[in-house]
Amino acid sequence: MACDGAKKPLLSGLADPTSQRIDECRSYRRRFRHVKSAPVIEFVPSDFNGNGPIPRYESIFGGLHQSLKQVAVFLAIYLGLGTVCFYAVRDDIKGKKSNPIVDSLYFCIVTMTTVGYGDLVPDSAPVKLLACVFVFTGMLLIGLILSKAADYLVEKQEILLIKALHIHQKLDSAAFLKEIETNKVKYKSYLAIIILSVLMLVGTIFLSMVEDLDIIDAFYCVCSTITTLGYGDKSFSTGYGRMFAVFWILTGTIGLGLLFLYIAELFTENRQRALANWVLTRRMTNLDLEAADMDDDGVVGAAEFVIYKLKEMGKISQEDIALVMKEFEDLDADESGTLTASDIMAQTTQTYN
């Protein structure tokens with residue numbers, strides 16, 4: 001790989017003698033290690049067609065906040081429509097009832113989260129079909145909440161947790177951001193455990209005081225609810241209890257789903273880190289050198305070495321490299337093996353023409 005990096009291709013061989021390469025490569029390595037990152041893209045609209053500048057936003061939380069609003073709108077539409085529909089067919093729903101409107105909203109939540117206590121059940125063919133529609137659309141909405149809104153809310157609390165854990169340490173902004181990036185999934189798991197524990201405690205106390213269940217039965221009902229088992233022998237039967245259940249069941253089931261998601265992500269991340277550590281600590285062999293030599297010139301430059309190691313870690317694939325190289329070749333208008341401002345200008349002119 002050329003050490004001047006400006007006149008020769010990125011992965012080209014070195015033509016200079018060894019004695020002349022050393023000083024040049026030292027300065028090149030310094031530039032390579034301090035290469036600037038591409039600007040962070042916080043949000044790309046779904047209708048972005050690749051032409052023109054990419055819209056920029058002030059912060060990543062702004063884009064996430066927009067997703068949170070969209071999820072809130074979808075949830076409101078689902079619950080509103082479900083409550084109206086189930087209220088209209090309330091006479092075809094049998095079971096232990098309280099307030100008609102509360103029961104309709106409660107039945108909508110129980111259907112959406114697949115808890116299905118059995119205390120309220122459809123009693124006619126049309127209502128059963130209606131329940132089938134709402135259970136599938138509800139599951140889709142739960143998935144959307146898990147991927148958008150809930151993750152956003154956890155991230156907002158993640159900063160507070162890190163500050164609390166490091167309250168006796170003075171972390172500058174760079175160290176703080178590094179701590180977040182390094183242990184992000186671990187802190188999310190901690191938060192999910194805390195949130196779920198609080199929800200279970202609140203639910204147990206509420207069931208014991210309002211639904212008049214003993215502590216064991218209340219805890220049993222909490223566990224069967226958030227895991228969506230919904231045996232049905234213990235459930236919310238009073239009007240106040242079902243009003244509470246509308247919010248508690250939704251947050252509890254989503255909280256447990258988030259916890260399982262973060263635990264799986266944590267195991268995956270640990271495996272990736274172990275693989276990366278093995279790749280970076282094992283000794284380089286002649287076979288590795290031959291495999292890393294992408295342009296078959298007998299030497300391995302810094303870029304070739306980095307690409308080879310990233311492939312070993314599973315960070316990139318050969319298909320990824322091929323796509324990037326194709327884009328490079330398309331941008332390299334003069335076919336010099338390097339990109340300059342004139343190449344970018346030529347590509348921009350060609351796009352607008």
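Residues numbered from 1 in each chain as written. Predicted model: local features only at pLDDT ≥ 70, side-chain atom pairs only at ≥ 80, totals over all residues. Heavy atoms only, no water.

Draft legend 1. Quick peek at the overall build of the chain. What the chain contains, in helices and strands, is 13 helices and two strands. Within the chain, the proportion of its 353 residues that are buried is 33%. Put simply, 64% of the contacts in the chain that link residues at least 6 apart link residues at least 24 apart. Carbon and sulfur atoms form 63% of the exposed surface of the chain, whose accessible area is close to 22100 Å². (Helix = DSSP H or I, 4+ residues; strand = E, 2+ residues; numbered from the N terminus. Buried < 20%, exposed > 50% of the residue type's maximum accessible area, 1.4 Å probe, protein only. Contact = heavy atoms within 4.5 Å. Areas by Shrake-Rupley, 256 points an atom, 1.4 Å probe, with all protein chains shown as cover.)

Draft legend 2. Seen up close, the pattern of salt bridges. Here the structure, examined in full by the defined rule, presents seven salt bridges. Here Asp 119 makes a salt bridge to Arg 242, at a shortest N to O gap of 3.4 Å. Placement of Asp 119 in the loop between helix H3 (100-112) and strand E2 (120-122) and of Arg 242 in helix H9 (residues 239-281) is noted, with a sequence separation of 123 residues between them. Arg 242 shares its class with Asp 119; the two are buried. The salt bridge partner of Asp 330 is Lys 326, with a shortest N-O separation of 3.3 Å. In this pair, Asp 330 and Lys 326 are both assigned in helix H12 (residues 318-331), four residues apart and thus about one turn of the helix distant. Within this structure, Arg 282, Asp 288, Lys 309 and Glu 312 form a network of salt bridges that share partners. (Salt bridge = Lys/Arg side-chain N within 4 Å of Asp/Glu carboxyl O.)

Draft legend 3. Representation of the side chain of Asp 293 in the model. Assignment of secondary structure puts Asp 293 in the loop between helix H10 (286-292) and helix H11 (302-313). Separated by 3.3 Å, the side chain of Asp 293 and the backbone nitrogen of Asp 296 make a polar contact. When residues no more than four places from it in sequence are discounted, the contact partners of Asp 293 are Gly 298, Val 299, Val 300 and Glu 304. (Polar contact = N/O pair within 3.5 Å; in protein donor to acceptor, adjacent residues only side chain to side chain.)

Draft legend 4. Just the packing of H3 against H9, in detail. At a minimum axis separation of 9 Å, H3 and H9 run at an interaxial angle of 30°. Taken together, H3 and H9 sit at an angle that is classed as roughly parallel. Crossing of H3 against H9: the hand is left-handed. Residues Val 102, Asp 103, Leu 105, Tyr 106, Ile 109, Val 110 and Met 112 of H3 touch H9, and the partners they reach there are Gly 239, Arg 242, Met 243, Ala 245, Val 246, Ile 249 and Leu 250. (Axes fitted to C-alpha atoms, helices over the stretch in contact; angles between N-to-C directions. Parallel < 35°, antiparallel > 145°, perpendicular 65-115°, else oblique. Left-handed = near helix turned anticlockwise from the far one by under 90°.)

Draft legend 5. Examining the side chain of Thr 225 more closely. Considering the arrangement of structural elements, one finds Thr 225 in helix H8 (residues 215-226). Ignoring anything within four residues of it in the chain, the contact list for Thr 225 reads Val 115, Tyr 117, Trp 248, Ile 249 and Thr 253.

Draft legend 6. Expanded view of the UniProt feature "transmembrane region" (unreviewed entry) in the chain. Cross-referencing UniProt, the feature "transmembrane region" (unreviewed entry) maps to residues 71-89, 101-121, 127-146, 190-209 and 244-264 in the present numbering. For the annotated span residues 71-89, helix accounts for 95% and strand for 0% of the residues, and the straight-line distance between the end C-alpha atoms is 27 Å. Across residues 244-264, helical content stands at 100% and strand content at 0%; the span's end C-alpha atoms are separated by 30 Å. (UniProt positions renumbered as here; feature names shortened; annotations may be inferred.)

Draft legend 7. A look at H11. Taking 1.5 Å as the rise per residue, H11 with twelve residues should run 16 Å; its terminal C-alpha atoms sit 17 Å apart, in good agreement. Those residues of H11 that fall on the buried side of the exposure criterion are Ala 303, Glu 304, Ile 307, Tyr 308, Lys 309 and Met 313. One or two residues past the end of H11 sits Gly 314, with phi positive at roughly 80°. (Expected span 1.5 Å × (residues − 1).)

Draft legend 8. Structural detail: the environment of Val 300. With respect to the secondary-structure elements, Val 300 resides in the loop between H10 and H11. On the basis of relative accessibility, which here comes to 25%, the residue Val 300 falls in the partly exposed class. Sequence spacing of Val 300 and Leu 289 is eleven residues, and the spatial spacing of their C-alpha atoms is 7.0 Å. With sequence-adjacent residues up to four places away left out, Val 300 is seen in contact with Leu 289, Ala 292, Asp 293 and Phe 305.

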